Amino acid sequence: MCHSGRVAASQRQRSGCVERAAGGVCKMSVQGEVDTIVIGAGIQGSYTAYHLSKHSKTLLIDQFALPHARGSSHGQTRIIRNVYAKTYYTAMMTECYQLWKQLEAETNTELFRPTGLLVLGKEGNPSFQTMKSTLIDNNVPMTTLTSADVSKRFPAVQLPRGVSALLDKTAGILYADRALKNVQDLFRRFGGIIRDGEKVVQIQPSDLVTVTTTAGIYRAKRLVITAGPWTNKLLNLVGLQLPLETLKITVCYWKEKIPGTYGISKGFPCFMRINSDPDVHEFYGLPSNEYPGLMKVCYHSGSRADPDERDVSFQRPSQDVELLRDFLSREFPGLDPNPAVVESCMYTNTPDYDFILDHHPDHKNIIVGAGFSGHGFKLAPVVGKVLSELCLGEKPSYDLSPFKICRFHLKSVL
Ligand SMILES: Cc1cc2nc3c(=O)[nH]c(=O)nc-3n(C[C@H](O)[C@H](O)[C@H](O)COP(=O)(O)OP(=O)(O)OC[C@H]3O[C@@H](n4cnc5c(N)ncnc54)[C@H](O)[C@@H]3O)c2cc1C
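*Asks:* Please give an account of the overall build of the chain that cites residues and values.
*Replies:* Each helix and strand in the chain was counted, giving 9 helices and 24 strands. For the chain, the share of sequence-separated contacts (at least 6 apart) that also reach a separation of at least 24 residues comes to 74%. For the chain, the exposed surface amounts to about 17200 Å²; the carbon and sulfur share of it is 52%.

Okay, structure coming up:
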């Protein structure tokens, strides 16, 4: 997709922008000055760059040739929903739905498929109750269902005693890979520049920030770091470490014993099965859609992994698959309890599962967007908007106090 970026890199080398000094040592000259550099072309960086490109000359850099499947934004689908236990996310969702719709219109592609989403949890679960009141308070179309209602409406779901459901009628599926490509295409249409296949190896903070990649040197008035699970590796270059945990997530698809049982065309919704922890839902699933006859059901956690060693140092997938197998045998008996397809993705969790959207504490022209804790895709249009506002020195459209860096005890690495 970003072929043009790679060609441009090789053209620069031919034209002598990357100079080879006497003795064969590679000496790189500064290749250009832009208003803003965004590091990381996942969904958050791409959306931020897209918003910024409307106001300023913006360069988006990624270490890998795009598209790639090593970070957090790849894969065909993500859930989009209004239902949240924390009301400030629901407040952002209204605009997110509008901006996703606008992206659909501007790129003439279907990105959203309504399905509804069932939140399955115990009536006494505080998180379940907060989700219910958040939906009511925000006038989100919803229904509550008893476990008998669920069995009647969705006979292939077997809920244990005491578990009931909320149906967020506004929820659905976002076509993730397609959405990411479209945001990047639109960014380019607004004059944005993408350099993919260039890893950032050095950052020199100053009024004019200098960013050195494996292929060149760039300068900008402002820098945004949206590097997903690599965030702390980049922040290390600018004297900051955040309490981020990077997890490898095992993404499993399960075969329907009778094709169509949990099918999108049969009106089966997405679901979240929450536990008694106030913030964490344990399992989630999407109706069979992208791989015919296979339903995507995942465990909302995984094993700690360095993103550069995601496929080398993993011990836990079998444990995650065991948990899923056990859960599905009990509550989704219409699925074969052996995964038919297994893929991988990364979460970058903060201790409170809230995002980080803030200035670098010491360098106000460096902005950080990180810690999307396994629920950031749907919110990317607004995340991109507020990161661009922070970058341009504008008043953010939303209260960003839950997302500030100062809520953590910071370790200086300088
Ligand atoms: C299995 C799974 C299911 C999910 N389900 C949902 C869901 O249903 N709904 C939802 O809303 N969210 C969901 N999420 C979360 C969502 O996908 C993420 O929050 C989001 O994709 C994070 O995007 P990002 O841009 O921060 O990170 P990434 O997509 O990882 O992007 C970071 C980019 O930075 C680049 N980079 C890093 N270091 C450098 C460097 N040194 N130089 C240059 N480039 C660099 C990387 O190559 C990468 O492309 C899910 C996530 C996973 C893994």
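What follows picks up the thread again.
*Asks:* Can you explain the packing of helix H2 (residues 43–53) against helix H3 (residues 87–107)? Please cite residues and give values.
*Replies:* Between two packed helices, what matters for the description is the angle formed by their axes and the separation of those axes. Closest axis-to-axis distance for the H2/H3 pair is 14 Å, and the angle between their directions is 75°. Between H2 and H3, the angle falls in the class roughly perpendicular. Mapping the contact onto sequence places Ile43, Tyr47, Tyr50 and His51 in H2 and Leu99, Trp100, Gln102, Leu103 and Glu106 in H3. Across the contact of H2 with H3, the residue classes tally to 6 nonpolar, 2 polar and 1 charged.

*Asks:* Break down the site of the ligand for me, citing the residues and quoting the values.
*Replies:* Not every one of the 37 residues close to the ligand is listed here, only the nearest: Asp62, His68, Ser73, Ile79 and Cys345. Gln44 has a polar backbone atom sitting 3.1 Å from an oxygen atom of the ligand. Between the ligand and the protein, one listed contact pairs an oxygen atom with a backbone N or O atom of Ser72 at 3.0 Å. For the shell around the ligand, the secondary-structure elements that each account for two or more residues are H2, strand S5 (77–80), strand S16 (245–256) and strand S21 (335–349).

*Asks:* Can you lay out the side chain of Ser46 for me, pointing to particular residues and giving the numbers?
*Replies:* Structurally, the position occupied by Ser46 is in helix H2. Residue class for Ser46 comes out buried when judged on its relative accessible area of 0%. Within the local environment of Ser46, its side chain forms a polar contact with the backbone oxygen of Ala41, the two atoms lying 3.2 Å apart.

*Asks:* Kindly report on the pairing of strand S23 (residues 366–370), identifying the contributing residues and their values.
*Replies:* Within S23, 5 of the 5 residues are buried, which leaves it mostly tucked inside the rest of the structure. Pairing of strand S14 (residues 217–225) with S23, which is carried by 3 bridges, proceeds in the parallel orientation. Bridge pairing links Ile225 to Val368 in S23. In this structure, strand S22 (residues 356–359) lies alongside S23, joined through 4 bridges in antiparallel fashion. Of the residues in S23, the one forming a bridge with Ile356 is Ala370. Between S22 and the antiparallel strand that follows it, S23, lie 6 residues.

*Asks:* If you had to explain the environment of Thr146 to someone new, which residues and values would you point to?
*Replies:* Tracing the chain through its elements places Thr146 in the loop between strand S8 (142–145) and helix H5 (147–153). For the pair Thr146 and Gly162, spaced 16 residues apart in sequence, the C-alpha to C-alpha distance is 8.8 Å.

*Asks:* Break down the sheet that holds strand S6 (residues 112–114) for me, with residues and values.
*Replies:* An order of S5-S10-S6 is seen for the 3 strands of this open sheet, with the pairing classed as antiparallel. If you trace the sheet from one side to the other, it starts and ends with S5 and S6, each paired once. Across the sheet, the mean angle from the axis of one strand to that of its neighbour is 30°, orientation sign disregarded. Relative to strand S10 (residues 172–175), S5 runs antiparallel, the two sharing 4 bridges.

*Asks:* Give a description of unusual backbone geometry that names residues and reports values.
*Replies:* Between Leu66 and the following residue, Pro67, the backbone shows a cis peptide bond with an omega angle of -5°. We note that Tyr353 has phi near 65°; this positive angle belongs to a residue other than glycine. Among the secondary structure elements, Tyr353 is positioned in the loop between S21 and S22. Take Tyr353: its relative accessible area is 29%, and that puts it in the partly exposed class.

*Asks:* Please set out the packing of aromatic side chains residue by residue, giving values where relevant.
*Replies:* Applying the stated criterion across every chain yields a total of 23 aromatic pairs. Taking the centre distance of 5.1 Å and the plane angle of 90° together, the rings of Tyr262 and Phe268 count as edge-to-face. Exposure remark for Tyr262: the relative accessible area of 0% places this residue in the buried category. Ring pairs connect the aromatic residues Phe154, Tyr262, Phe268, Phe271, Phe283, Tyr299, Phe327 and Phe332, which therefore count as one cluster.

*Asks:* An account of the confidence of the model for the chain is requested, with residue identities and associated values reported.
*Replies:* Taken over all residues, the pLDDT of the chain has a mean of 90, while the share at 70 or more is 89%. Scored below 50 in pLDDT, residues 1–27 makes 40 contacts in the model with residues more than four places away or belonging to other chains.

*Asks:* An account of the nonpolar core is needed here, citing residue identities and associated values.
*Replies:* Taken as a class, soluble globular proteins show a tendency for nonpolar side chains to be buried jointly. Counting 44 residues, the largest nonpolar core has Ile43, Tyr47, Trp100, Phe355, Leu357 and Leu379 as the members making the most contacts within it. Among the elements of the structure, H2, H3, helix H6 (176–189) and helix H9 (380–392) are those that each provide at least two residues to this core. Membership of the second largest hydrophobic core comes to 27 residues, among which are Ile203, Val209, Ala220 and Trp230.

*Asks:* Describe helix H4 (residues 126–137), listing the residues and the values that go with them.
*Replies:* In this model, H4 (12 residues) spans 16 Å end to end at C-alpha, consistent with the 16 Å of a helix rising 1.5 Å per residue. Within H4 the residues assigned to the buried category are Ser127, Phe128, Met131, Lys132, Thr134 and Leu135. Around the axis of H4, the buried residues are gathered within 165° of arc, so they sit on the same side. Of the surrounding secondary structure, the elements contacted by the buried residues of H4 are H3, strand S7 (117–122), S8, strand S9 (163–168) and strand S17 (270–274). Structurally, the start of H4 carries an N-cap: the backbone nitrogen of Ser127 is 2.8 Å from a side-chain oxygen of Asn125. With its phi angle positive at about 55°, Asn139 sits one or two positions after the end of H4.

What counts as what
Residues numbered from 1 in each chain as written. Predicted model: local features only at pLDDT ≥ 70, side-chain atom pairs only at ≥ 80, totals over all residues. Heavy atoms only, no water. Helix = DSSP H or I, 4+ residues; strand = E, 2+ residues; numbered from the N terminus. Contact = heavy atoms within 4.5 Å. Areas by Shrake-Rupley, 256 points an atom, 1.4 Å probe, with all protein chains shown as cover. Axes fitted to C-alpha atoms, helices over the stretch in contact; angles between N-to-C directions. Parallel < 35°, antiparallel > 145°, perpendicular 65-115°, else oblique. Nonpolar A, V, L, I, M, F, W, Y, C, P; charged D, E, K, R; others polar. Near = heavy atom within 4 Å. Polar contact = N/O pair within 3.5 Å; in protein donor to acceptor, adjacent residues only side chain to side chain. Buried < 20%, exposed > 50% of the residue type's maximum accessible area, 1.4 Å probe, protein only. Pairing = 2+ DSSP bridges. Phe/Tyr/Trp six-rings, centres within 6.5 Å; stacked < 30°, edge-to-face > 60°. pLDDT = per-residue confidence, 0-100. Core = buried A, V, L, I, M, F, W, Y, C linked by side-chain atoms within 4.5 Å. Expected span 1.5 Å × (residues − 1). Arc of directions from axis to C-beta.

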